[in-house]
Protein chains: 2
Amino acid sequence: MKKFLNKVDNMLVESLSGFGTAHADLVSVNFEPTFVTRKNKAKNKVVLISGGGSGHEPLHAGYVGKGMLDAACPGQVFTSPTPDQMLAVAEATHADKGVLFIVKNYAGDVMNFEMAAEMLPFEHATVLTSDDCAVINSTYTTGRRGVAGTVIVEKCVGSLAETGADLQTCKALGDKINQRTASIGVALTSCTVPANGKPTFDISETELEMGVGIHGEPGRRREAMREADAIVGDMVAAIVADFTAKNLPLKGEILLLVNGLGATPLMELYLIYNTAAKLLGAHGCQIARSLVGNYTTAIDMAGASITVCLLDEEIKQHWDSEVHTPALRWGC
Amino acid sequence: MKKFLNKVDNMLVESLSGFGTAHADLVSVNFEPTFVTRKNKAKNKVVLISGGGSGHEPLHAGYVGKGMLDAACPGQVFTSPTPDQMLAVAEATHADKGVLFIVKNYAGDVMNFEMAAEMLPFEHATVLTSDDCAVINSTYTTGRRGVAGTVIVEKCVGSLAETGADLQTCKALGDKINQRTASIGVALTSCTVPANGKPTFDISETELEMGVGIHGEPGRRREAMREADAIVGDMVAAIVADFTAKNLPLKGEILLLVNGLGATPLMELYLIYNTAAKLLGAHGCQIARSLVGNYTTAIDMAGASITVCLLDEEIKQHWDSEVHTPALRWGC
């Protein structure tokens, strides 16, 4: 394993310290317990807090700022943050209209955010993101995983919260976007968790993992490596099928997000976008909004995910509104 | 080699097509010859045109838009664009105040932009970027390479050109920034050029290449892999020494750019930033502006570069001004 690090145990603190210095105009970083807040505490609004294991940067700390999250609590790499982090950050940011947790659907995150919620002295609610259509709901798993679609939830609910909307209205928009969003990822290589020092899974030069999770969880199947058009074709078909299964036909305006998992060049992401856009256009979609880049990563995995969000006027309006965070910025 | 591509020969066209679709509100992509222009042609200003081999995305096409470049001409991966591309794009964008080429200092790019310039029927000038302090000027090489500092030149000269400044004033600012900027890169892995199908150079699990170029050119030396603080310490020392050698002491306000070369996680880039910021602060610098992310890449290389620009009020003003491109956006 070759990585830019000193002691593995210090990696998160050193990286977050750099993040805090680089974006000192926007965010404040707290340690013991670890959390990231906006530099200027918001007033009289629903407070949006997300969090999860590190290694998915810029998710979530990179989305703290005006128009998006109020705070994030990062855990160690691929490790859930603890309830005391969540409680402390809620107390530090609460702005008299309640707390909305945005939680990706993983067992550890769900359990810890639930524990924190039970102890919270404020009104609270949770939006659970589960956009990964690679994994079918099952009684044997915690179900669909939250992946890059979480960025769309955080952006749009963040916009709504700035308008002074109440807690249940914010939660309802988050749940609606999650319902109207599907993602699927593919890995060409494994990620390497620094504390493990070796790749999470083995994959040969002639294989890919279709439906991989953002921690390197197994996907739908191990497949033979092939041309991008064929890979992207299968990814788009899985997304279309997911909308069909939800009885929500994929027609009309969509947001298309092509997300790099960490080590995939932008040139390849745009090539994936090109194919996905053509296929979705042929399916009857109009690509009204686009985002291409590394927005929800899996450390250093070579791979990419495709996310489609079925837009409506409300979602579009909140996607377009002003946002000023370290990783997403427009309108200001 | 595992990459998201179809036929290697079609990779650039497919990727640029996706880029053009994803950013259709900002840019237009032309083929035969290949160039990228702003969607809305600027009027009555110096036109800024850059270009070079592909594989460094978002450089340069990602910086086409208001407040930055008017156009870019991408070559094949790591291959200079041709004079006919440069001529065609100059003719398509010329806005009555002359053409400024921004060229990274590589033999092929320099030669082709010179050939194009000779044929240009408009007033023209060139800013040659050469911020890479890993390579000392020598009669045996084309000298210092242009690397990530080029982004700062393109941003600030782009801002100045929007004000209606004349050609020589724009060139002078570009030359000044280049003179006040130094960069150095380090590679942990090689990049893989798609048409070659194998890594450009061999490097073991226990080595790094200090001073690597953005095409995988050799740097100062092959070294033993070690802790990030030690690596970053050597990089910062090389930058400080470069300013000293230029008789331009590195004190006061700086812009610190930590740039990923393609496959390095953001978490590591912020860790590098953390160390670099501390060292530069201890040296007497005030880090007034920061940028951390993938801005000038080497395809899929794991590695990073550090760029320091010694600010003055003029550079700071043009750095801060409104910019709206696919890859850099603020103030609008």
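Residues numbered from 1 in each chain as written. Chains lettered and ligands numbered in written order. Predicted model: local features only at pLDDT ≥ 70, side-chain atom pairs only at ≥ 80, totals over all residues. Heavy atoms only, no water.

Draft legend 1. How the structure looks around the overall build of chain A. The number of helices and strands found in chain A is eight helices and 14 strands. Dimensions of chain A along its principal axes, counting C-alpha atoms only, are 50 × 50 × 40 Å. Here chain A, with 332 residues, has 64% of them falling under the buried criterion. Counting only contacts in chain A whose residues sit at least 6 apart along the sequence, the fraction spanning at least 24 positions is 72%. (Helix = DSSP H or I, 4+ residues; strand = E, 2+ residues; numbered from the N terminus. Buried < 20%, exposed > 50% of the residue type's maximum accessible area, 1.4 Å probe, protein only. Contact = heavy atoms within 4.5 Å.)

Draft legend 2. Quick peek at the domain arrangement of chain A. Residue and element names in this part refer to chain A. For chain A, the assigned domains are domain 1 (17-180) and domain 2 (181-322). A separation of 22 Å is found between the C-alpha centroids of domain 1 and domain 2. In this complex, domain 1 contributes 35 residues to the contact, which on the side of domain 2 involves 43 residues. Summing both partners gives a buried area of about 3200 Å² for domain 1 against domain 2, and 57% of it is carried by carbon and sulfur. Where domain 1 touches domain 2, the interface holds four salt bridges. Contributing elements (two or more residues each) for the side of domain 1 that touches domain 2: α4 (149-162) and α5 (167-179). (Domains from an automatic or database assignment. Buried area = accessible area lost by both parts, 1.4 Å probe. Salt bridge = Lys/Arg side-chain N within 4 Å of Asp/Glu carboxyl O.)

Draft legend 3. Region of the structure containing the environment of S159 of chain B. Residue and element names in this part refer to chain B. Inspection of the secondary structure assignment puts S159 in helix α4 (residues 149-162). The exposure class assigned to S159 is buried, which follows from its relative accessible area of 7%. Each C-alpha atom of the pair S159 and V308 lies 19 Å from the other, and the pair is 149 residues apart in sequence. Filtering out sequence-adjacent residues up to four positions away, S159 remains in contact with G67, H318 and S321. Separated by 2.7 Å, the side chains of S159 and H318 make a polar contact. (Polar contact = N/O pair within 3.5 Å; in protein donor to acceptor, adjacent residues only side chain to side chain.)

Draft legend 4. Region of interest: the relation of the copies chain B and chain A. When chain B is fitted to chain A, the residual RMSD is 0.0 Å, and the transformation amounts to a turn of 180 degrees plus an axial shift of 0.0 Å. These values place the two chain copies in the arrangement generated by a two-fold rotation axis. It is A263 of chain B whose C-alpha, among those of chain B, lies nearest the rotation axis, at 1.9 Å. A share of 100% of the interface residues of chain B reappears at the interface of chain A, consistent with the copies meeting face to face through the same patch. (Least-squares fit on C-alpha atoms with pLDDT ≥ 70 in both.)

Draft legend 5. Structural detail: the sheet that holds strand β5 (residues 96-104) of chain B. Residue and element names in this part refer to chain B. Spatial ordering of the open sheet is given by β1-β2-β4-β3-β5-β6, a layout of six strands whose pairing is mixed. Looking along the sheet, the strands with just one partner apiece sit at the ends: β1 (27-30) and β6 (124-129). Between one strand axis and the next, the sheet turns through 20 degrees on average, direction left out of account. In terms of strand pairing, β5 meets β6 through six bridges, oriented parallel. (Pairing = 2+ DSSP bridges. Axes fitted to C-alpha atoms, helices over the stretch in contact; angles between N-to-C directions.)

Draft legend 6. Quick look at the pairing of strand β10 (residues 252-260) of chain A. All names here are of chain A. Of all nine residues that make up β10, seven are buried, and the element is covered over most of its length. Note on the crossover from β10 through helix α7 (residues 266-282) to strand β11 (residues 285-293): the handedness is right-handed. Both β10 and strand β12 (residues 303-310) contribute to a ladder of seven bridges, which runs antiparallel. Each residue of the ladder has a partner; that of G260, found in β12, is A304. (Right-handed = clockwise from strand over helix to strand, strands pointing away.)

Draft legend 7. Spotlight on the interface of chain B and chain A. Contacts between the two partners involve 56 residues from chain B, matched on the other side by 56 residues from chain A. Both faces considered, chain B and chain A share a buried interface measuring about 4800 Å² in area, 63% of it formed by carbon and sulfur atoms. Its largest share of buried area at the contact with chain A, chain B owes to K2, F4 and M267 of chain B, together 22% of the area lost on that side. Joining chain B to chain A, the criterion identifies four salt bridges.

Draft legend 8. Region of the structure containing the confidence of the model for chain A. Model confidence for chain A is summarised by a mean pLDDT of 96, while 98% of its residues fall at 70 or above. Taken over the whole predicted complex, pTM reads 0.98, whereas the ipTM for its chain interfaces reads 0.98. (pLDDT = per-residue confidence, 0-100.)

Draft legend 9. Spotlight on the packing of aromatic side chains. Enumeration according to the criterion identifies six aromatic pairs over all chains in this entry. Judged by centre distance (5.2 Å) and plane angle (85 degrees), the rings of Y270 of chain A and F19 of chain B are edge-to-face. In this pair, Y270 of chain A sits in helix α7 while F19 of chain B sits in helix α1 (residues 11-22), so the two residues belong to two different chains. With respect to class, Y270 of chain A is no different from F19 of chain B; both count as buried. The ring of F243 of chain A has K246 of chain A lying over it, and the distance from NZ or CZ to the ring centre is 5.4 Å. (Phe/Tyr/Trp six-rings, centres within 6.5 Å; stacked < 30°, edge-to-face > 60°. Lys NZ or Arg CZ within 6 Å of the ring centre and 35° of its normal.)

Draft legend 10. Focus on the pattern of salt bridges. Counted by the stated rule, this structure contains 42 salt bridges over all chains. Ionic pairing is found between K246 of chain A and D242 of chain A, a salt bridge with its closest N-O pair at 3.7 Å. E268 of chain A is the partner of K3 of chain B in a salt bridge, and the nearest nitrogen-oxygen pair spans 3.8 Å. With K3 of chain B in the segment before α1 and E268 of chain A in helix α7, this residue pair bridges two chains. According to the relative accessible area criterion, K3 of chain B is buried, its value standing at 5%. Judged by its relative accessible area of 2%, E268 of chain A is buried. Bridged by salt links that share partners, the residues R38, K45, D70 and E162 of chain A form one connected network.

Draft legend 11. Spotlight on the state of the cysteines. Residue and element names in this part refer to chain A. One pass over the structure, following the stated rule, counts zero disulfides over all chains. Looking at the unpaired C191, the closest cysteine sulfur is the one in C133, lying at 20 Å. C191 sits in the buried class, given a relative accessible area of 0%. (Disulfide = S-S within 2.5 Å.)

Draft legend 12. Here's a closer look at helix α8 (residues 313-320) of chain A. Within α8 of chain A, burial applies to I315, K316, H318 and W319 of chain A. Taken together, the buried residues of α8 of chain A touch α4, α5, β10, β11, β12 and β14 (329-330) of chain A.

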